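The residues making up each chain are set out below.
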Amino acid sequence: MAAACGMALCTTVAAPAAADGGTTTTKPTIVLVHGAFADASSWNGVVERLEGRGYTVIAPANPLRGLYNDSTYIASILDSIKGPIVLVGHSYGGALISSAAAGNPRVKSLVYVSALMPDVGESGMSLAARFPSELGTATKSVPYRAGGVSGTDLYLKPDRLHQVFAADLPQSTTRVLAVTQRPAATTAFSQKAKVAAWKHIPSWFLVAKQDKTINPDQERFEAKRAGSHTVEIDSSHVAMMAHPEAVTDLVLQAAAAADSARPALAATGSARAETEIAGIAAASLIAGAGTVLLGRCLRRRAR
């Protein structure tokens, strides 16, 4: 009887040790934001690879109507996601994630793929003026009207899209891209950033060394200024289409960093204090229960 009681007592005391420190981790949701002249399908190769690694992925449709409008829209999507987020932006999408992530503590990492990364007061146009590219000679302007609003859309000239936008894709593919491209309103590039989330959130940057749309020197400047973890590859502007494996690898680095940071954050400050208090309370209850159980065993043995 005493042996059985002793075993029961040990089991009772040992049970919380298995639970103590055991954290249930959830992989971050990865949000992929496309840029101008493209749509969410440009991320297809990356989406397939990330989902194959068990990640939840969202690739929303970027409205391409202006920095303020579009970043507000992306921010609303982020608000609908539970748990940690890794936010990825290509080209103009980089400007959006820099704004949309501001003030959202669930965004743990930012990833820029041959992207705009403006500071407060900068715009796509002001950065392009410092670091010229061939984009300025490859676009055409088309007026638009929608819902009582009018403005100007920018399209890539079909005969320039392959050279400037996607030189390392087959021409059969770029002919389709030229036909299906989504234009961006000029306000996407003229509106100045009001916030810069990369100043407060760790960032990763992929520089496309053969980029003709955004000057690679601009990409290097942005990445260095932000202190981003940076890789450079031989790619055109659409690195996520031409080199999805390299882009996926960089996103996975950012996701792993976000994943490893969460347990450490959960064990600091008030959260850690509450955990310790709960542990002490549980230990006290277990000790009391163990004493009662041992007393009963001893009384039965004395009989």
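So, here's what we can say about the structure. Everything quoted here is computed from the prediction, not taken from an experiment. (Residues numbered from 1 in each chain as written. Predicted model: local features only at pLDDT ≥ 70, side-chain atom pairs only at ≥ 80, totals over all residues. Heavy atoms only, no water.)

Per the secondary structure count, the chain includes 12 helices and 9 strands. If you take every contact in the chain between residues at least 6 apart in sequence, the share linking residues at least 24 apart comes to 74%. Carbon and sulfur atoms make up 58% of the accessible area of the chain, which totals about 14,900 Å². (Helix = DSSP H or I, 4+ residues; strand = E, 2+ residues; numbered from the N terminus. Contact = heavy atoms within 4.5 Å. Areas by Shrake-Rupley, 256 points an atom, 1.4 Å probe, with all protein chains shown as cover.)

So, about the packing of helix H6 (residues 158-165) against helix H7 (residues 171-180). The N-to-C vectors of H6 and H7 enclose an angle of 125 degrees; their axes lie 9 Å apart at closest approach. Viewed along their axes, H6 and H7 adopt a mutual orientation that is oblique. In the crossing of H6 with H7, the sense of the turn from one axis to the other is right-handed. Residues Pro158, Leu161 and His162 of H6 form the contact with H7, whose own contacting residues are Gln171, Thr174, Leu177 and Ala178. Residue composition of the contact of H6 with H7, grouped by class: 4 nonpolar, 3 polar and no charged. (Axes fitted to C-alpha atoms, helices over the stretch in contact; angles between N-to-C directions. Parallel < 35°, antiparallel > 145°, perpendicular 65-115°, else oblique. Left-handed = near helix turned anticlockwise from the far one by under 90°. Nonpolar A, V, L, I, M, F, W, Y, C, P; charged D, E, K, R; others polar.)

This next bit is on the environment of Ala239. Here Ala239 is to be found in helix H10 (residues 239-242). C-alpha separation for the pair Ala239 and Asp211, spaced 28 residues apart in sequence, amounts to 9.0 Å. If sequence neighbours within four positions are ignored, Ala239 has contacts with Val113, Leu206, Ile233, Pro244 and Val247.

With that settled, the discussion passes to the layout of surface pockets. The method is simple in principle: a probe with the dimensions of a water molecule rolls over the atoms, and the space it marks as empty is what remains. Of the voids in this model, the largest pocket is the one considered here, and its volume is about 350 Å³. With 3 residues, helix H5 (residues 124-130) is the single largest residue contributor to the lining of the largest pocket. Of the residues contributing to the lining of the largest pocket, the split by class is 11 nonpolar, 8 polar and no charged. (1 Å grid on protein atoms, 1.4 Å probe; cavity = no way out; pocket = protein on both sides within 12 Å on 5 of 7 lines; lining within 4 Å. Points joined across faces, edges and corners; volume = space filled by probe spheres on them.)

Turning our eyes to something else, we now look at the environment of Pro143. Considering the arrangement of structural elements, one finds Pro143 in strand E5 (residues 139-146). Judged by its relative accessible area of 69%, Pro143 falls in the exposed class. The spacing of Pro143 and Asp153 is 10 residues in sequence and 6.0 Å in space, taken between C-alpha atoms. (Buried < 20%, exposed > 50% of the residue type's maximum accessible area, 1.4 Å probe, protein only.)

On to the pattern of salt bridges, then. Across all of its chains, the model carries 9 salt bridges by this definition. With a shortest N-O distance of 2.8 Å, Arg65 and Asp153 are connected by a salt bridge. With Arg65 in the loop between strand E2 (57-58) and helix H3 (67-79) and Asp153 in strand E6 (residues 149-156), this residue pair connects regions lying 88 residues apart in the sequence. A network of salt bridges, in which partner residues are shared, links Glu122, Arg130 and Arg225. (Salt bridge = Lys/Arg side-chain N within 4 Å of Asp/Glu carboxyl O.)

This brings us to H6. Of the residues making up H6, those classed as buried are Arg160, Leu161, Val164 and Phe165. The arc that holds the buried residues of H6, viewed along the axis, is 120 degrees, so those residues lie on one side. Considering only its buried residues, H6 is in contact with E6 and H7. (Arc of directions from axis to C-beta.)

Pairing analysis gives 8 bridges linking E5 to E6, with the strands arranged antiparallel. The partner of Pro143 across the bridge, within E6, is Thr152. With antiparallel pairing between neighbouring strands as the criterion, E5 and E6 make up a hairpin whose turn holds 2 residues, including Gly147 at a positive phi of roughly 55 degrees. Here E6 pairs with strand E7 (residues 184-185) via 2 bridges, running antiparallel. Bridge assignment links Leu154 to a residue of E7, and that residue is Ala184. (Pairing = 2+ DSSP bridges.)

Reading across from one edge, E5-E6-E7 is the order of the 3 strands in this open sheet, with antiparallel pairing throughout. In the strand order of this sheet, the two ends are held by E5 and E7, each with one partner.

Moving on: empty space enclosed by the protein. What the rule picks out here adds up to 1 cavity of 30 Å³ or more. Roughly 50 Å³ of volume is contained in the largest cavity. In terms of lining, the largest cavity is formed by Leu67, Ala95, Leu116, Pro118, Glu122, Ser123, Gly124, Leu127, Ala188 and Gln191. Each residue belonging to the lining of the largest cavity can be placed in one class, and the counts come to 6 nonpolar, 3 polar and 1 charged.

Moving on, we come to helix H9 (residues 216-226). When we look at burial in H9, the residues that qualify are Pro216, Gln218, Glu219, Glu222, Ala223 and Ala226. Each buried residue of H9 lies within a common arc of 155 degrees when the element is viewed along its axis, so the set occupies one face. Buried residues in H9 make contact with H5, strand E8 (203-208) and strand E9 (229-233). The opening residue of H9, the one whose side-chain oxygen lies 2.8 Å from the backbone nitrogen of Asp217, is Asn215. Just downstream of H9 lies Gly227, where phi reads positive at about 70 degrees. (Polar contact = N/O pair within 3.5 Å; in protein donor to acceptor, adjacent residues only side chain to side chain.)

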